[in-house]
Amino acid sequence: MPTALITGITGQDGSYLAEYLLAKGYRVVGIVRRSSTTPYDRIAHLIDRVELVSADLLDQTSLMDAIEDAKPDEIYNLAAQSFVATSWTQPVLTGEFTALGVTRLLEAMKRAAPKARFYQASSSEQFGMVRETPQKETTPFYPRSPYGVAKVYAHWITVNYRESFGLHAVSGILFNHESPRRGLEFVTRKVTDAVARIALGMTDHVELGNLESRRDWGFAGDYVDAMWRMLQQPTPDDYVIGTGKTWTVRELCEEAFSYKGLDYKAHVRHSAKHVRPAEVDLLVADPSRAKTELGWEPKVEFRELIRMMVDSDVAAHVNTRAAK
Ligand code: NAP
Ligand code: G4F
């Protein structure tokens, strides 16, 4: 039974990856950081089947201990300060978690499990002000936020440890991926949750920023399969993962509101509070290399994804009401 160590197991991707690897027969060890509460909502259904260890990307010793104890065959580094907007208000902390945290983890792996395979969660935010469209593995990076800058560092330190020390370390450059487990601050979930609350009469509007930016949105459940496939390759390399289609935030609103028979124009208000100091205007992947070499393709398309999220948010609010 192979062992996988997942940082960020309590996050959106970590929960889907843990499910996926358990179904493949892995022993799954997840790193959680100490908290006065136990915010394990996304993995509550898996809690008896995974092992949790306490460690933090800010703390070198705890990472060394976690790797020494777990003895992983595969390490998936999904932990990060992952919300782009927060990276302007907490730029130093974002750099510590999202950039230097990766060096700490690679250093721990080099010393405690040099034969393990390492996955780094790179991001399409690294393409930022895009140099070509669609974006592929060779497209130059031009990050537009402290988060994007931190991810570029994390990407290159992963390449560097591969080339310097022969570690089997790869980066998946993943475009936006969403699900009913997406954090409420990200725009897809913010919109689907608002549609649910408006449809149930709990509120009448939602405040958004820029409606014209374009994203390549896929389903998180499909993307964790790509992570695993990358680590099974005989030679470590980096891959772009996305759908190859792009939608504006405005089109996201149209789709989500019209699904419940609503007109987004009557419910979406502009708020300068949600406009970013620098924007990433257009992201769209060229995932052809992943298709050819990994045999990976997305299964859930945009409309199905948004409807799945609206349905889930409606059900959650109905259940909460019933429980009161
Ligand atoms: P997420 O839901 O925000 O989850 C982030 C995880 O990181 C949480 O489990 C969080 O733990 C953990 N974490 C944060 N700081 C930590 C620290 N100092 N030490 C240990 N754990 C820490 O993010 P996601 O959407 O699942 O994304 C997973 C990874 O993929 C992230 O690295 C993200 O930047 C990257 N990525 C995401 C997308 C996307 O569209 N989702 C696209 C490209 C790349 P707590 O629960 O304790 O907060
Ligand atoms: O949903 P978002 O916050 O995601 P963003 O910034 O694209 O980042 C996500 O995807 C990255 C991959 O490219 C990941 F690396 C990262 O960790 C994260 O998962 O914003 C999407 C777009 C932006 O253009 C933003 O300006 O939506 C626009 N937007 C407009 N109004 C808004 C809002 N975004 C948020 N979060 N909230 C708004 O009110």
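Calculation notes
- Residue numbers here run from 1 along each chain, matching the order of that chain's written sequence.
- The lettering of chains begins at A and the numbering of ligands begins at 1, in the order of writing.
- Totals for whole chains, interfaces and linings use all residues, but because this is a predicted model, local features are given only for residues with pLDDT of at least 70 and pairs of side-chain atoms are given and counted only at 80 or more.
- Derived side-chain values reflect all non-hydrogen atoms in the structure, with water molecules and hydrogen atoms excluded from consideration.
- The secondary structure listing takes helices from DSSP runs of H or I that are at least 4 residues long and strands from runs of E that are at least 2 residues long, numbered from the N terminus.
- In this scheme Phe, Tyr and Trp rings, the latter by its six-membered ring, pair at centre separations within 6.5 Å, and the angle between planes marks the pair as stacked below 30 degrees, edge-to-face above 60, and tilted otherwise.
- We call a residue buried when its accessible area falls under 20% of the maximum for its residue type, exposed when it is over 50%, and partly exposed in between, using a 1.4 Å probe and counting protein chains only.
- Geometrically, a lysine NZ or arginine CZ counts as sitting over a ring once it is within 6 Å of the ring centre and also within 35 degrees of the ring normal.
- Any two residues whose heavy atoms approach within 4.5 Å at even a single point are treated as in contact.
- Criterion for a salt bridge: a side-chain nitrogen of Lys or Arg within 4 Å of a carboxyl oxygen of Asp or Glu.
- For every element, the axis is a line fit to its C-alpha atoms; helices are fit only across the contacting stretch, and the angle between N-to-C directions ranges from 0 to 180 degrees.
- Every angle not falling under 35 degrees, over 145, or within 65 to 115 is termed oblique; those three ranges are roughly parallel, roughly antiparallel and roughly perpendicular.
- A clockwise turn of the near helix away from the far one marks a right-handed crossing, whereas an anticlockwise turn of less than a right angle marks a left-handed crossing.
- Put simply, Ala, Val, Leu, Ile, Met, Phe, Trp, Tyr, Cys and Pro go in the nonpolar bin, Asp, Glu, Lys and Arg in the charged bin, and everything else, Gly too, in the polar bin.

Engineer: What should I look at first to understand unusual backbone geometry in this one?
Structural biologist: Here the amide bond leading from Thr 133 into Pro 134 is cis, since omega sits at -5°, within 30 degrees of zero. As for its placement among the helices and strands, Pro 134 is situated in the loop between strand E5 (117-123) and helix H5 (146-165). Located in the positive-phi region is Lys 71, a residue other than glycine, with phi close to 50°. By secondary structure assignment, the location of Lys 71 is in the loop between helix H2 (60-70) and strand E4 (74-77).

Engineer: Just to check I follow, could you spell out the packing of aromatic side chains for this structure?
Structural biologist: The geometry of two aromatic rings is summed up by the distance between their centres and the angle between their planes. Counted by the stated rule, this structure contains 11 aromatic pairs. Aromatic pair Trp 247 and Phe 302: ring centres 4.3 Å apart, planes at 20°, arrangement stacked. With Trp 247 in strand E12 (residues 247-248) and Phe 302 in helix H10 (residues 302-323), the pair connects residues that are 55 residues apart, well separated along the chain. Here Trp 247 falls in the buried class, since its relative accessible area comes to 16%. The structure contains a cluster of three or more aromatic residues connected by ring pairs, namely Phe 127, Phe 141, Trp 156 and Phe 175. Here the basic side chain of Lys 110 rests over the ring of Phe 165, its NZ or CZ set 4.5 Å away from the ring centre. Stacked on the ring of Tyr 239, the Lys or Arg Arg 289 has its end atom at 4.6 Å from the ring centre.

Engineer: How do you make sense of the side chain of Asn 176 when you look at a structure like this?
Structural biologist: Tracing the backbone through its elements, the reader meets Asn 176 in the loop between strand E6 (168-174) and strand E7 (177-178). Among residues more than four places away in sequence, those in contact with Asn 176 are Ser 124, Arg 215, Asp 216, Trp 217, Gly 218, Tyr 223 and Leu 283.

Engineer: Looking at this model, I keep getting lost on the pattern of salt bridges. Mind explaining?
Structural biologist: Pairs can form between side chains of opposite charge whenever their charged atoms are close. This structure, assessed with the given rule, holds 19 salt bridges. Note that Glu 107 and Arg 111 form a salt bridge whose closest N and O atoms lie 2.8 Å from each other. One end of the pair is Glu 107 and the other is Arg 111, both in helix H4 (residues 91-112) and 4 residues apart, which spans about a single turn. Using a relative accessible area of 57% as the deciding quantity, one classes Arg 111 as exposed. Between Arg 229 and Asp 225 there is a salt bridge whose closest N-O contact spans 3.1 Å. One end of the pair is Arg 229 and the other is Asp 225, both in helix H7 (residues 220-231) and 4 residues apart, which spans about a single turn. Given a relative accessible area of 26%, Arg 229 falls into the partly exposed group. Here the salt bridges share partners, and the residues they tie into one network are Glu 107, Lys 110 and Arg 111.

Engineer: Looking at this structure, I do not really get the packing of helix H6 (residues 187-199) against H10. What am I missing?
Structural biologist: When two helices pack together, their arrangement is given by the angle between the helix axes and by the axis-to-axis distance. Packing of H6 against H10 leaves a shortest axis separation of 8 Å and a crossing angle of 50°. Classified by the interaxial angle, the pair formed by H6 and H10 is oblique. The way H6 lies across H10 gives a crossing that is right-handed. Of the residues in H10, those touching H6 at Thr 188, Arg 189, Thr 192, Asp 193, Val 195, Ala 196 and Arg 197 are Ile 306, Met 309, Val 310, Asp 313, Val 314 and His 317. Each residue belonging to the contact of H6 with H10 can be placed in one class, and the counts come to 6 nonpolar, 3 polar and 4 charged.

These figures come from the coordinates and say nothing about function on their own.
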